[in-house]
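# Per-entry structural report
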Amino acid sequence: MFSSLAPLARANPFHAPHLQLVQDGVRRRPEQSETTSTPRRLAAASPAEEEYSCEYGSLKFYALCGFGGVLSCGLTHTGVVPLDLVKCRIQVDPQKYKNIFNGFSVTIKEDGVRGLAKGWAPTFFGYSMQGLCKFGFYEVFKILYGNLLGEENAYLWRTSLYLAASASAEFFADIALAPMEAAKVRIQTQPGYANTLRQAAPKMYAEEGLWAFYKGVAPLWMRQIPYTMMKFACFERTVEALYKYVVPKPRSECSKAEQLVVTFIAGYIAGVFCAIVSHPADSVVSVLNKEKGSSASQVLVRLGFKGVWKGLFARIIMIGTLTALQWFIYDSVKVYFKLPRPPPPEMPESLKKKLGLTE
């Protein structure tokens, strides 16, 4: 009886994971362990025994997740400012900046090495705010929508759940990002316009008012919402697949370091798909923030199908690395602050009974 119930208990993500009793490196059956007084140790600690700093879904949990988002997005995007600068210049002036290598060469020749850091301040502040909303609200909406669906439907429709939660979070994240993104693009792509955020912001306001900071929010939604939906849904399903088909043991038996390696790999895979899905809208945003009086539809028509894919190679490198590092940093923050980290979802016991998968 124990042998048949044990796999089922382990498969239920809403209860404590099945504990394997280990003595001197030998796995023992439950009935054997009850008849001996030999000291035992647990191969994996249950959530009840593992000390968490807060409850899953509490305000503290959401706040620390938001802080993890600030670090993961703010630091990573700032770290790749040189690559982002060259990518933006390729998009807005492909005649001058022919490819990623030529773009770096021309930029260094004209502005020196320091010129590669242009736009670091709006990048840091803008993407820190975006990360706060992106990761913090994702956890909020994932739990909210999951509760609305119920345990069984949340499992059956988990991909749709990830997509809906991430899209909802990114809607608010882009409103926070838009002003700094507009300033960043002006600094990076308009020579002589401004060299710092302190120079760019008042100049933009004097020319176009508040509209200068938010006219790119709709294209940002076009770029970032599909990107974030792919980023979170692909990551969640890739993690699930890696533990199911690649990692030779359950996550509960993996060390924290091993879990973070899985996180990094899944993040990079998700990042490649993110870059491809969101690149056309990214090209429109770059051109739109450079020009005055243009609309997103006008820019899209003028660029054409071939034009919107300029700079894709640079973006794949940048976004793949960014996404992997962001998930790694975010998960590391959760580990450091001892936040609850639910295992990859498995079919609930009640659903197994309905489908006749249990005895």
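Residues numbered from 1 in each chain as written. Predicted model: local features only at pLDDT ≥ 70, side-chain atom pairs only at ≥ 80, totals over all residues. Heavy atoms only, no water.

## Section: the packing of aromatic side chains
Counted under the stated rule, the structure contains 20 aromatic pairs. A ring pair is formed by Tyr56 and Phe61, whose centres lie 5.0 Å apart and whose planes are at 65°; its orientation type is edge-to-face. Members of the aromatic cluster, each reached through a chain of ring pairs, are Phe135, Tyr138, Phe232, Phe235, Trp327 and Tyr330. Looking at Arg158, its charged tip hangs above the ring of Tyr155, at a distance of 4.3 Å from the centre. (Phe/Tyr/Trp six-rings, centres within 6.5 Å; stacked < 30°, edge-to-face > 60°. Lys NZ or Arg CZ within 6 Å of the ring centre and 35° of its normal.)

## Notes on the nonpolar core
One finds Phe61, Phe135, Tyr138, Phe235, Tyr243, Trp327 and Leu339 to be the most contacted residues of the largest nonpolar core, which totals 28 residues. Going through the elements one at a time, helix H3 (59-79), helix H6 (120-149), helix H8 (158-189), helix H11 (217-246), helix H12 (256-290) and helix H14 (312-336) are the ones with two or more residues in this core. Considering each element in turn, this core owes the most residues, seven residues, to H11. In this structure, Val80, Ile100, Ala275 and Leu322 belong to the second largest nonpolar core, which totals 15 residues. (Core = buried A, V, L, I, M, F, W, Y, C linked by side-chain atoms within 4.5 Å. Buried < 20%, exposed > 50% of the residue type's maximum accessible area, 1.4 Å probe, protein only. Helix = DSSP H or I, 4+ residues; strand = E, 2+ residues; numbered from the N terminus.)

## Some thoughts on helix H4 (residues 81-92)
Across its 12 residues, H4 extends 16 Å between first and last C-alpha, which sits within 8% of the 16 Å expected from 1.5 Å per residue. The buried fraction of H4 amounts to 11 of the 12 residues, a majority that puts the element mostly inside the structure. Looking only at H4, the buried set comprises Val81, Leu83, Asp84, Leu85, Val86, Lys87, Cys88, Arg89, Ile90, Gln91 and Val92. (Expected span 1.5 Å × (residues − 1).)

## Let's talk about the packing of H3 against H14
Helix-helix packing is characterised by the crossing angle of the two axes and by the distance between the axes. For the pair H3 and H14, the least separation of the axes is 8 Å and the interaxial angle reads 145°. Seen from above, H3 lies across H14 with right-handed handedness. Touching Leu64, Cys65, Phe67, Gly68, Gly69, Leu71, Ser72, Cys73, Thr76 and His77 of H3 are Leu322, Leu325, Gln326, Ile329, Tyr330, Val333 and Lys334, all from H14. (Axes fitted to C-alpha atoms, helices over the stretch in contact; angles between N-to-C directions. Left-handed = near helix turned anticlockwise from the far one by under 90°. Contact = heavy atoms within 4.5 Å.)

## Describing the UniProt feature "transmembrane region" (unreviewed entry) in the protein chain
When the UniProt feature table is mapped onto this chain, "transmembrane region" (unreviewed entry) is found at residues 260-281 and 312-330. Counted over residues 260-281, helix gives 100% and strand 0%. Its end C-alpha atoms are 31 Å apart. Between the end C-alpha atoms of residues 312-330 there is a gap of 26 Å, over a span that is 100% helix and 0% strand. (UniProt positions renumbered as here; feature names shortened; annotations may be inferred.)

## Points about the pattern of salt bridges
Within this structure, the stated rule accounts for 17 salt bridges. One salt bridge connects Glu240 with Arg158, and the closest N-O pair in it is separated by 2.8 Å. Separated by 82 residues along the polypeptide, Glu240 in helix H11 and Arg158 in helix H8 bring together distant segments of the chain. For the pair formed by Glu240 and Arg158, the shared burial category is buried. Of the charged contacts, one joins Glu258 and Lys249 as a salt bridge, the two residues approaching to 3.3 Å between their closest N and O atoms. Owing to a relative accessible area of 34%, Glu258 belongs among the partly exposed residues under this scheme. (Salt bridge = Lys/Arg side-chain N within 4 Å of Asp/Glu carboxyl O.)

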